[in-house]
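# Fold and geometry: a report
Residues per chain, in single letters:
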Amino acid sequence: MVIKVFLASSSGSTAIKKKQQDVVGFLEALKVDYAQLDIACNEENRMWMRQNVPEEKKPANGIPLPPQIFNEESYCGDYDTFFDAKEDNLVYSFLGLPPPPGSKEAVQADKADIVENGTHAEETNAEGNLDDSIEVPVEERNGDAHSKEELAQAADEEDEGEGGEEEEGEVAEGETADDEATEEETAGDEAPAEEEEAVEETDEAHAEEEEEQEEADDDREEEELRQLEEEEEAEVQEEEEEDLEETQEEEAE
């Protein structure tokens with residue numbers, strides 16, 4: 001199985017170039033075999049990409065932008081879905097490839113199987129049965145041994161009398177002091193929390209600006225592609241007109 005990445009080598013959009021480099025660089029880091037197919041210089045590649053991207057995955061204008069990723073004839077996704085899979089350590093599943101043993105994705109798959117089966121590997125023995133060697137607490141094995149200890153302790157507490165009550169009062173005062181100290185620490189933590197909220201709002205504003213810039217770059221890329229198509233159509237028309245003129249001249253002679 002060959003992974004196909006459709007790219008535009010002559011794209012004037014900085015955002016599209018960055019996305020293409022991210023996809024190619026990550027696939028190379030994973031040592032995944034892939035093929036780059038240029039849609040800017042090859043009309044067949046561009047038409048094949050547009051025809052094989054599912055309708056529900058195409059943008060509103062119907063023109064999918066690079067990079068677009070396929071596994072042979074099967075559509076994998078665009079940059080956004082690739083990025084989400086990378087963040088979730090699910091790139092091999094995204095590409096339709098089995099994860100290599102020892103990879104994060106393989107470990108996650110093993111854990112998912114364990115949870116799905118309802119048992120944990122460390123709780124089973126070699127034969128797949130629950131391990132009987134798990135230690136049971138002493139009080140559960142000895143039956144009423146625990147209850148006898150409780151009775152003896154209760155008798156000792158009755159002998160202490162008023163002295164025990166005084167100790168309880170001291171403990172209550174100590175707990176009150178601890179509560180006051182905890183409240184002071186909580187009040188001191190409120191200011192850093194407000195600063196963190198301000199930083200998060202700033203990050204969100206930057207993210208919105210980047211999204212707006214990427215949308216503007218995408219629009220410009222679409223316009224460039226449309227202009228390229230118009231130029232190609234004009235060139236074909238000129239060639240046809242020249243051929244027609246030559247034919248007419250030959251007939252006149």
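What counts as what
- Residues numbered from 1 in each chain as written.
- Predicted model: local features only at pLDDT ≥ 70, side-chain atom pairs only at ≥ 80, totals over all residues.
- Heavy atoms only, no water.
- Helix = DSSP H or I, 4+ residues; strand = E, 2+ residues; numbered from the N terminus.
- Buried < 20%, exposed > 50% of the residue type's maximum accessible area, 1.4 Å probe, protein only.
- Areas by Shrake-Rupley, 256 points an atom, 1.4 Å probe, with all protein chains shown as cover.
- Arc of directions from axis to C-beta.
- Contact = heavy atoms within 4.5 Å.
- Polar contact = N/O pair within 3.5 Å; in protein donor to acceptor, adjacent residues only side chain to side chain.
- Core = buried A, V, L, I, M, F, W, Y, C linked by side-chain atoms within 4.5 Å.
- Axes fitted to C-alpha atoms, helices over the stretch in contact; angles between N-to-C directions.
- Parallel < 35°, antiparallel > 145°, perpendicular 65-115°, else oblique.
- Left-handed = near helix turned anticlockwise from the far one by under 90°.
- Nonpolar A, V, L, I, M, F, W, Y, C, P; charged D, E, K, R; others polar.
- Phe/Tyr/Trp six-rings, centres within 6.5 Å; stacked < 30°, edge-to-face > 60°.

Let's shift gears to the overall build of the chain. From N to C terminus, the chain includes 8 helices and 4 strands. Moving toward the C terminus, one meets the helices and strands of the chain in the order β-α-β-α-β-β-α-α-α-α-α-α. For the chain, buried positions account for 21% of its 253 residues. Surface summary for the chain: the accessible area is close to 18700 Å², and the carbon and sulfur share equals 45%.

Turning to helix H3 (residues 79-87), a few remarks are in order. Residues Tyr79, Phe82 and Ala85 constitute the buried set of H3. The buried side chains of H3 occupy one side of the element, clustering within an arc of 125 degrees when seen end-on. Against the buried residues of H3 lie helix H1 (14-29), strand S3 (68-71), strand S4 (74-78) and helix H4 (91-95). Its side-chain oxygen at 3.3 Å from the backbone nitrogen of aspartate 80, aspartate 78 defines the N-terminal cap of H3. Looking one or two residues beyond H3, the residue adopting positive phi is asparagine 89, at roughly 55 degrees.

With 18 residues, the main nonpolar core has Ile3, Leu27, Ile69 and Leu95 as its most contacted residues. Every element with two or more residues in this core is listed here: strand S1 (3-7), H1, H3 and H4. Element by element, the count of residues in this core is highest for H4, at 4 residues. Leave out the neighbours within four places in its chain, and leucine 27 touches Val5, Val32, Tyr34, Phe82 and Leu95. Listed in part, the 7 residues of the second largest apolar core include Phe6, Ile39, Met49 and Tyr75.

Below, the discussion takes up the side chain of serine 11. Its place among the elements puts serine 11 in the loop between S1 and H1. Within the structure, serine 11 has its side chain in polar contact with the backbone nitrogen of serine 13 (distance 3.2 Å). Not counting the four nearest positions on each side in its chain, serine 11 is found in contact with Ile16, Lys17, Glu221 and Glu224.

How two helices pack is summed up by the angle between their axes together with the distance between the axes. It is the contact of H1 with H3, at a shortest axis distance of 11 Å, that shows an interaxial angle of 40 degrees. Between H1 and H3, the crossing angle belongs to the class labelled oblique. Between H1 and H3 lies a crossing of left-handed hand. Along the contact surface, H1 presents Lys19, Asp22, Val23, Phe26 and Leu27, while H3 presents Tyr79, Phe82 and Lys86. Looking at side-chain class alone, the contact of H1 with H3 contains 5 nonpolar, no polar and 3 charged residues.

This part is about helix H2 (residues 43-52). Every buried residue of H2 is accounted for by Asn45, Arg46, Met49 and Arg50. Viewed end-on, H2 has its buried residues packed into an arc of 125 degrees, placing them on one side of the element. For H2, the exposed residues set more than 90 degrees away from the buried face come down to Glu44 and Gln51. Where H2 starts, the residue carrying a side-chain oxygen 2.9 Å from the main-chain nitrogen of glutamate 44 turns out to be asparagine 42.

Across all of its chains, the model carries 7 aromatic pairs by this definition. Taking the centre distance of 6.0 Å and the plane angle of 80 degrees together, the rings of phenylalanine 26 and phenylalanine 82 count as edge-to-face. Taken together, the residues phenylalanine 26 in helix H1 and phenylalanine 82 in helix H3 connect sequence positions 56 residues apart. Accessibility expressed as a relative area gives 25% for phenylalanine 26, which makes it partly exposed. Exposure remark for phenylalanine 82: the relative accessible area of 1% places this residue in the buried category. Measuring from ring centre to ring centre gives 5.1 Å for phenylalanine 70 and tyrosine 75, while their planes differ by 65 degrees; the resulting arrangement is edge-to-face.

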